[in-house]
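# Commentary on secondary and tertiary structure
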Amino acid sequence: MDAIAKLGRYGIDWLARLGQAGLMLFGAIFTITSVKQLWPLVIKQLYHIGVLSLLIITVSGLFIGMVLGLQGYTILVDFGTEDSLGPMVALSLLRELGPVVTALLFAGRAGSAVAAEIGLMKTTEQLASMEMMAVDPLKRVVAPRFWAGMISMPLLTFIFCAVGIWGGHLVGVVWKGIDAGAFWSILNASVEWQQDIVNCVIKSVVFALVVMWIALFKGYSAFPTAEGVSKATTETVVHSSLAVLALDFLLTAWMFGS
Amino acid sequence: MNSRKIELLVGGFILAGLIAFAVLVIKVADIDPTQQAQQYQLTAYFDNIGGLKVRAPIKVGGVVVGRVAKVELDVTELVPKVTMSIDSRFNQFTDTSSVSILTSGLLGEQYIGLTPGFILDEENYLADGDVVEDTRSAVVLEELIGQFLYSSDEGE
């Protein structure tokens, strides 16, 4: 009996937290009165969230593309179909690796920073002080970070995919000597606007929402101690990575399942 | 760091992201955004569609003019019904045109080959919703082998 009661309590707690998180996000997004006031704050966050993530995204994109090119070449050359390396690299990047790896790196680089920053603001009672001065911390702190994340993630995903495909091209065409014309023409023939590019955009927007939401809520609801902040940071990375991987499966099943 | 530098870096970042997107659209997917494709639909009934899939290309002499939109079984006739979306640029096919299911290479994907009919003055052009009457089914390898075995049996 105790176990069932415990399960019930967990369930209620979980739902309550989900409700809190939903209210926080709703408060941050839908109470925005002027874009003019928000935009300078978003630019500052775009720098912290987007520009500072560029290095890890570009370097990872390049190396993942090069590894795909190298492994793909060694397998495909056995069948004499090494010309198909282009679509293999492009499709695996656009459909899966681009959005997913970008989201995972983004959660580790930007999500954890956001959670730690807001958690520390809470610990040092900056959020409470803002409320004292009649400044809504949801508008001032949460909303700019949320929008900065929503803008940066798709852009970072495009950069990741473009750099990755260039990396695959580097290994396949420049190093291994696949014909450049065949590489690009087969690649062009297999990549489609709706199925690959639009779905890549949809995935990256959904992942951006999930990662930013988790990071902001974990920071905002952190227990105001050093331990609480470190826990919030860790949980941000763990929960958003798990959420991204699970959602990726659901989205892939929806997009490519039939 | 002063805000001017931050604004410059953010601007550069957004620009880099948009350029990457443009590269993906133009160089990788090879899409001309100025040309929004209008399409019209034709249907055709086959005896056997083999392994034809939705989104398989429709080719005229090797050039892709459209894609298979839907593959279903006609409930009254109990034959496969294929709906084809064809680019509106190619609307000069007469109703004597024929479609056949072909295979690219020995084991490659299956596609629909469209053979344009003769253009005579009294012929009508195929328009949205029309049915292509002249169809040829897919060649199924198993049936072909079966026929070969059967005919070589009779020869003895």
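Rules used in this analysis
- Residues numbered from 1 in each chain as written.
- Chains lettered and ligands numbered in written order.
- Predicted model: local features only at pLDDT ≥ 70, side-chain atom pairs only at ≥ 80, totals over all residues.
- Heavy atoms only, no water.
- Helix = DSSP H or I, 4+ residues; strand = E, 2+ residues; numbered from the N terminus.
- Contact = heavy atoms within 4.5 Å.
- Areas by Shrake-Rupley, 256 points an atom, 1.4 Å probe, with all protein chains shown as cover.
- Expected span 1.5 Å × (residues − 1).
- Buried < 20%, exposed > 50% of the residue type's maximum accessible area, 1.4 Å probe, protein only.
- Buried area = accessible area lost by both parts, 1.4 Å probe.
- Salt bridge = Lys/Arg side-chain N within 4 Å of Asp/Glu carboxyl O.
- Polar contact = N/O pair within 3.5 Å; in protein donor to acceptor, adjacent residues only side chain to side chain.
- Nonpolar A, V, L, I, M, F, W, Y, C, P; charged D, E, K, R; others polar.
- Phe/Tyr/Trp six-rings, centres within 6.5 Å; stacked < 30°, edge-to-face > 60°.
- Lys NZ or Arg CZ within 6 Å of the ring centre and 35° of its normal.
- Pairing = 2+ DSSP bridges.
- Domains from an automatic or database assignment.

In this section: the overall build of chain B. Looking only at helices and strands, chain B has two helices and eight strands in total. Reading chain B from its N end, one meets helices and strands in the order α-β-β-β-β-β-β-β-β-α. Here the analysis covers contacts within chain B between residues at least 6 apart in sequence; of these, 64% occur between residues at least 24 apart. Counting only carbon and sulfur atoms, one obtains 56% of the accessible surface of chain B, whose full area is about 10000 Å².

Two residues of an α-helix separated by three or four positions point the same way, owing to the 3.6 residues in each turn. Residues and elements named next belong to chain A. If you check helix α3 (residues 54-76), its first and last C-alpha atoms are 32 Å apart, about what 23 residues at 1.5 Å a residue would give, namely 33 Å. Every buried residue belonging to α3 is among Ile-57, Ser-60, Gly-61, Gly-65, Leu-68, Gly-69, Gly-72, Tyr-73 and Leu-76, and all of these are buried. For α3, the elements touching its buried residues are α4 (85-123) and α6 (137-175).

One non-glycine residue, Ala-134 of chain A, lies in positive phi territory at about 60 degrees. With respect to the helices and strands, the residue Ala-134 of chain A is situated in the loop between α5 (126-132) and α6. Of note, Leu-78 of chain B is a non-glycine position whose phi angle comes to about 55 degrees, a positive value. Residue position: Leu-78 of chain B is located in the loop between β3 (63-73) and β4 (80-87). Taking relative accessible area as the criterion, Leu-78 of chain B reaches 60% and is therefore assigned exposed.

Contact with chain A, which involves 26 residues of that partner, is made by 21 residues of chain B. Roughly 2100 Å² of surface becomes buried between chain A and chain B when both sides are summed, with 83% attributable to carbon and sulfur atoms. For the pair chain A and chain B, the number of links is zero salt bridges. Taken together, the connections running from chain A to chain B amount to zero residue pairs in polar contact (both at pLDDT 80 or more). Going through the elements one at a time, α2 (35-50), α4, α6, α7 (180-190) and α8 (193-220) of chain A are the ones with two or more residues in the side of chain A that touches chain B. When residues of the side of chain A that touches chain B are assigned to their parent elements, the largest contribution, eight residues, is made by α6 of chain A. Residue composition of the side of chain A that touches chain B, by class: 20 nonpolar, four polar and two charged.

The next thing to look at is the packing of aromatic side chains. Evaluation of the coordinates by the stated rule reveals four aromatic pairs over all chains. An angle of 85 degrees between the planes, with centres 5.4 Å apart, marks the rings of Phe-183 of chain A and Trp-184 of chain A as edge-to-face. Both residues of the pair, Phe-183 of chain A and Trp-184 of chain A, belong to the buried class. The residue whose ring lies beneath Lys-176 of chain A is Trp-175 of chain A, and the NZ or CZ to ring-centre distance is 5.2 Å. In this arrangement the basic side chain of Lys-59 of chain B is found over the ring face of Tyr-111 of chain B, its NZ or CZ atom lying 4.4 Å from the centre.

Moving on: the sheet that holds β3 of chain B. If you trace the eight strands from one edge of the open sheet to the other, you get β7-β1-β4-β3-β2-β6-β5-β8 (chain B), paired in mixed fashion. Here the strands that pair on one side only, and so sit at the sheet edges, are β7 (131-132) and β8 (134-136) of chain B.

Turning next to the domain arrangement of chain A. All names here are of chain A. Splitting chain A by domain gives domain 1 (1-30) and domain 2 (34-257). Once you take the C-alpha centre of each, domain 1 and domain 2 turn out to be 27 Å apart. With nine residues of domain 1 at the interface, the matching set in domain 2 holds 11 residues. Of the roughly 990 Å² buried where domain 1 meets domain 2, counting both sides, 79% is carbon and sulfur surface. Taken as a group, Met-24, Leu-25 and Ala-28 account for 52% of the area that domain 1 buries against domain 2, more than any other trio of residues on that side.

For side chains of opposite charge, pairing can occur when their charged atoms come near one another. One pass over the full model with this rule turns up eight salt bridges over all chains. Via salt bridges that share partners, Glu-96, Lys-203 and Asp-248 of chain A belong to a single interconnected network.

This next bit is on helix α9 (residues 226-256) of chain A. Residues and elements named next belong to chain A. Between its first and last C-alpha atoms α9 spans 44 Å; for 31 residues at 1.5 Å apiece the expected length is 45 Å, and the two agree. Along α9, the positions that sit buried rather than exposed are Gly-228, Val-229, Ala-232, Thr-233, Thr-236, Ser-240, Ser-241, Val-244, Asp-248, Leu-251, Thr-252 and Met-255. Each element contacted by the buried residues of α9 is listed here: α4 and α8.

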